[in-house]
Amino acid sequence: MSAVAQLRVERAGPLASLQDAGRFGVRRLGLTQGGPVDIHAWAWANRLLGNAWGAAALEITFGGLSLIAEATTSLALAGADLGATLDDVALDPWSSFTVEAGQRLKFASPSSGLRAYLAAPGGFIAEPVLGSVASVSREDLGGHDGQGGKLRSGDVLSFTGGLRNADTLPVESRPDYSQPASLALVPGAQIADFEGASLFAAFHRAWRVDERSDRMGVRLKGPTLRCRTGNMISEGIGLGAVQVPPDGQPIALLNDRQTIGGYPRLGALTPLACARLAQCPPGHEVRLQAQALTPAQAAYRSFLRYFRDL
Amino acid sequence: MNEALRAGDLPCLEVAGVDTWLVRLFATIDDANMAWITALMRRCEQVFGDTLIDLVPSYTSVLVHYDPLALRPDEARARLASLLADLAPDDTAAVGEVKELHVWYDESVGPELIRLQEHSGLSRQAVIEAHCEREYRVFALGFSPGFAFMGSLPEALALPRLETPRKRVPAGSVAVANRQTAAYPRVSPGGWNLIGRTGERLFDRRREGFSLLRVGDRVRFVAIDRAHFEGLGGDIAPVEERS
């Protein structure tokens, strides 16, 4: 289908990128998976428009973005409250809405959470690179320009457009990003090699999100964790893996992580815990909660069933 | 469990996420591992079919990422366990393709050629010959798209990584670190010792298969002179020091 609707970038914020479900089947070549770091909010943004799973949405980090609608169309927002306005009228951060041609959609700064997802009817259109439009700047792949480039003023985001019934997520179903985050971690890997006191600290002490955090991973500051295993032979790393380098401060690895690594790991955050962590700004308090594999799998399966089996 | 493969607690399945298993086959790096790794990957593709999302092979293991909605998690685990029970290695000699990388060994593009001579006690020529002499096996790809970790280097050339990594290693740089060697597909930071440069495009999104090198491939370095390197379109710009 040809694109009939467009959003023109009036001002590019610090970071906004197109993300579909991710780039799969090429990790053996050293390519990262990409995709939305908050799969929960991304899925909701698409769902509010009735889009199929996997439609590309715009991941907006911090805000600072201003877009002009070139046609009348529905759009939807989900995730962080970045103070979004439509011609200076505040928008509900978890709902679909209609923009008229010429209206300005603007994102200010985060009041809760870190990343908002903007979905368009049918998804934003871009040329898939290695099977995906997921934008990975480190690999110069995907996104609106196919090169993983930063969104710039004057750029145009295209989609088929159309009007959808207004939809919104009930307030009681929305995550409260301002609260400390409790993150489910499925223990595994080298967890048995950590010292007892370190294991106790890992799951009972509060952690703070470090400034050195991005789409590759989120560093946590807190007690120093000691592991009897030193550097290991590098091996494949799954989404959410919590690795502990020699400085004893854990790093939760997200969508743009390197494909292999050799630091000992406590296990892996569940995909929904990764999503929650992606909304935590630097300094935010998080806690790790051990969860058994079976209930963690069940929770992820019901999430996928809800959003993917429309 | 597979008798031919059995050693200690290996092979084993480790939880790597709600939809991911790490199949650990070996405890140490060995050229012979790769015939098992490539066999395991092929069997996973057969057994999981469309429910397989991704595979990440590495020195001693394969990470298996499957679709937990299309395949029940207990069924995924059962399939891996049964696959391991009758896994047989590929024919070692037939594993991977043989690839040649033409390299211009020179101090201007490989400043650590000097350090390698001091470390090994070998002459410049002997260092280059030692690097070219054997066929290396690709153990893993990672760090950046198409970056192949190859080994094992002769003991004499085993030089630790730089204490302070460079912020900018030029594309095509051929490098060594400990018992491994690699070539940088693109400009990136890096802490390996640079000894030369290849003009090959190691990663190209327009190429069938994208990456020149794949896990299991056998690689031989071939020394060429500057004129030959330039003739192949190689970039002769020297490595910027303190970069």
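Source: prediction; values computed, not measured.

Before going further, it helps to spend a moment on the overall build of chain A. When helices and strands are tallied, chain A shows four helices and 21 strands. For 310 residues, the compact-globule formula gives about 19 Å, and the C-alpha radius of gyration of chain A, at 19 Å, lands near that figure. Judged by the C-alpha coordinates and their principal axes, chain A covers about 60 × 40 × 35 Å. In chain A, 76% of the contacts between residues at least 6 apart in sequence involve partners at least 24 apart. Carbon and sulfur atoms form 51% of the exposed surface of chain A, whose accessible area is close to 11600 Å². Averaging the positions of the 29 positive and the 28 negative side-chain charges in chain A gives two centres separated by 6 Å.

Another point: the interface of chain A and chain B. Listed per partner, the contact involves 43 residues of chain A and 48 residues of chain B. It is Arg28(A), Leu29(A) and Arg301(A) in chain A that bury the most area against chain B; as a group they hold 23% of the surface buried on that side. Inspection of the region where chain A meets chain B yields five salt bridges. Linking Asp67(B) and Arg308(A) is a salt bridge whose minimum nitrogen-to-oxygen distance equals 2.9 Å. Counting the contacts that link chain A with chain B gives 16 residue pairs in polar contact (both at pLDDT 80 or more). Broken down by secondary-structure element, the contributors of at least two residues to the side of chain A that touches chain B are strand E13 (181-187), strand E16 (235-236) and helix H4 (293-308) of chain A. The biggest single contributor to the side of chain A that touches chain B is H4(A), with eight residues.

Let us now look at the sheet that holds strand E13 (residues 218-223) of chain B. Residue and element names in this part refer to chain B. The mixed closed barrel is built from seven strands, whose spatial order is E5-E12-E9-E10-E7-E6-E13. Across the sheet, the axes of successive neighbouring strands diverge by a mean angle of 40°, strand direction being ignored. Sheet topology places strand E9 (residues 173-177) next to strand E12 (residues 193-198); four bridges connect them, and they run antiparallel. The residue bridging Val 174 from the neighbouring strand is Gly 196, located in E12. The strands touched by helix H4 (residues 124-133) are strand E6 (136-141), E9, strand E10 (180-183), E12 and E13; relative to E13, the strand with the most contacts, the crossing angle is about 150°.

Let us look at the packing of aromatic side chains. Within the structure shown, the criterion is met by 20 aromatic pairs over all chains. Taking 5.0 Å as the distance between ring centres and 70° as the angle between the ring planes, the aromatic pair formed by Phe143(B) and Phe147(B) counts as edge-to-face. Assessed through its relative accessible area of 26%, Phe143(B) is described here as partly exposed. Residue class for Phe147(B) comes out buried when judged on its relative accessible area of 1%. Measuring from centroid to centroid gives 5.1 Å for Phe147(B) and Tyr184(B), while their planes differ by 80°, and the two rings are edge-to-face. With Phe147(B) in the loop between E6 and strand E7 (148-151) and Tyr184(B) in the loop between E10 and strand E11 (188-190), this residue pair connects regions lying 37 residues apart in the sequence. The structure contains a cluster of three or more aromatic residues connected by ring pairs, namely Trp42(A), Trp44(A), Trp53(A), Tyr300(A), Phe303(A), Tyr306(A) and Phe307(A).

Attention now moves to the sheet that holds E13(A). All names here are of chain A. Taken in spatial order, the seven strands line up as E13-E20-E17-E18-E15-E14-E21 and close into a barrel, and their pairing is mixed. If you compare each strand with its neighbour and ignore which way they point, the axes differ by 40° on average. In terms of strand pairing, E13 meets strand E21 (residues 285-290) through five bridges, oriented parallel. From the neighbouring strand, Ser 182 faces E21, where its bridge partner is Arg 287. The strands that helix H2 (residues 196-204) touches are E13, strand E14 (207-209), strand E20 (265-269) and E21; relative to E21, the one it contacts most, it runs at about 120°.

What follows deals with the packing of helix H3 (residues 113-120) of chain B against H4(B). All names here are of chain B. Remark: H3 packs on H4, axes separated minimally by 9 Å, with the N-to-C direction vectors making an angle of 95°. On the basis of their axis angle, the class for H3 and H4 is roughly perpendicular. On the side of H3, the interface is formed by Leu 113, Leu 116, Gln 117 and Ser 120, while H4 contributes Arg 124, Val 127 and Ile 128.

Another point: the pattern of salt bridges. All names here are of chain B. Scanning the entire structure with this criterion turns up 33 salt bridges over all chains. Across the pair Arg 226 and Glu 230 runs a salt bridge, and its minimum N-O distance is 3.3 Å. Taken together, the positions of Arg 226 and Glu 230, both in helix H5 (residues 226-231) and four residues apart, correspond to about one turn of that helix. Accessibility expressed as a relative area gives 40% for Arg 226, which makes it partly exposed.

The nonpolar side chains of soluble globular proteins are, as a tendency, buried together. Leu266(A), Leu269(A) and Phe221(B) are the most contacted members of the largest nonpolar core, which totals 130 residues. Element by element, the count of residues in this core is highest for helix H1 (residues 33-48) of chain B, at eight residues. If near-sequence neighbours (up to four positions away) are discounted, Leu266(A) is found in contact with Leu185(A), Val186(A), Pro187(A), Gly188(A), Ile191(A), Phe194(A), Leu199(A), Ala202(A), Leu225(A), Val242(A), Val244(A) and Leu288(A). Among the nonpolar cores identified, the runner-up in size contains 32 residues, and Leu58(A), Leu77(A), Leu86(A) and Val99(A) belong to it.

Below, the discussion takes up the UniProt feature "domain: Carboxyltransferase" (unreviewed entry) in chain A. Summarizing the sequence annotation, UniProt attributes the feature "domain: Carboxyltransferase" (unreviewed entry) to residues 28-306 of chain A in the numbering used throughout. Across residues 28-306 of chain A, the secondary structure splits into 14% helix and 29% strand, with the terminal C-alpha atoms separated by 30 Å.

This structure, assessed with the given rule, holds zero disulfides over all chains. The structure places no disulfide on Cys280(A), whose sulfur is separated from the nearest cysteine sulfur, that of Cys274(A), by 11 Å.

Okay, the domain arrangement of chain B next. One widely used convention gives an interface's size as the accessible area the parts lose upon coming together. All names here are of chain B. Split into domains, chain B comes out as domain 1 (12-94) and domain 2 (96-231). Taking the mean C-alpha position of each, domain 1 and domain 2 sit 29 Å from one another. Of the residues lining the interface, 12 residues belong to domain 1; the matching set on domain 2 comes to 11 residues. For the domain 1 and domain 2 pair, buried surface summed over both sides reaches about 920 Å², with 55% attributable to carbon and sulfur atoms. Broken down residue by residue, the surface that domain 1 buries against domain 2 is led by Asp 31, Met 34 and Tyr 59, which jointly contribute 51%. Across the contact surface, domain 1 and domain 2 share one salt bridge. With a shortest N-O distance of 3.6 Å, Arg 137 and Asp 31 are connected by a salt bridge. Where domain 1 touches domain 2, the interface holds three residue pairs in polar contact (both at pLDDT 80 or more).

Quick notes on the rules
- Residues numbered from 1 in each chain as written.
- Chains lettered and ligands numbered in written order.
- Predicted model: local features only at pLDDT ≥ 70, side-chain atom pairs only at ≥ 80, totals over all residues.
- Heavy atoms only, no water.
- Helix = DSSP H or I, 4+ residues; strand = E, 2+ residues; numbered from the N terminus.
- Rg over C-alpha atoms; globule rule 2.2 N^0.38 Å.
- Contact = heavy atoms within 4.5 Å.
- Areas by Shrake-Rupley, 256 points an atom, 1.4 Å probe, with all protein chains shown as cover.
- Lys, Arg positive; Asp, Glu negative; His and termini not counted.
- Charge placed at Lys NZ, Arg CZ, Asp CG, Glu CD.
- Buried area = accessible area lost by both parts, 1.4 Å probe.
- Salt bridge = Lys/Arg side-chain N within 4 Å of Asp/Glu carboxyl O.
- Polar contact = N/O pair within 3.5 Å; in protein donor to acceptor, adjacent residues only side chain to side chain.
- Pairing = 2+ DSSP bridges.
- Axes fitted to C-alpha atoms, helices over the stretch in contact; angles between N-to-C directions.
- Phe/Tyr/Trp six-rings, centres within 6.5 Å; stacked < 30°, edge-to-face > 60°.
- Buried < 20%, exposed > 50% of the residue type's maximum accessible area, 1.4 Å probe, protein only.
- Parallel < 35°, antiparallel > 145°, perpendicular 65-115°, else oblique.
- Core = buried A, V, L, I, M, F, W, Y, C linked by side-chain atoms within 4.5 Å.
- UniProt positions renumbered as here; feature names shortened; annotations may be inferred.
- Disulfide = S-S within 2.5 Å.
- Domains from an automatic or database assignment.

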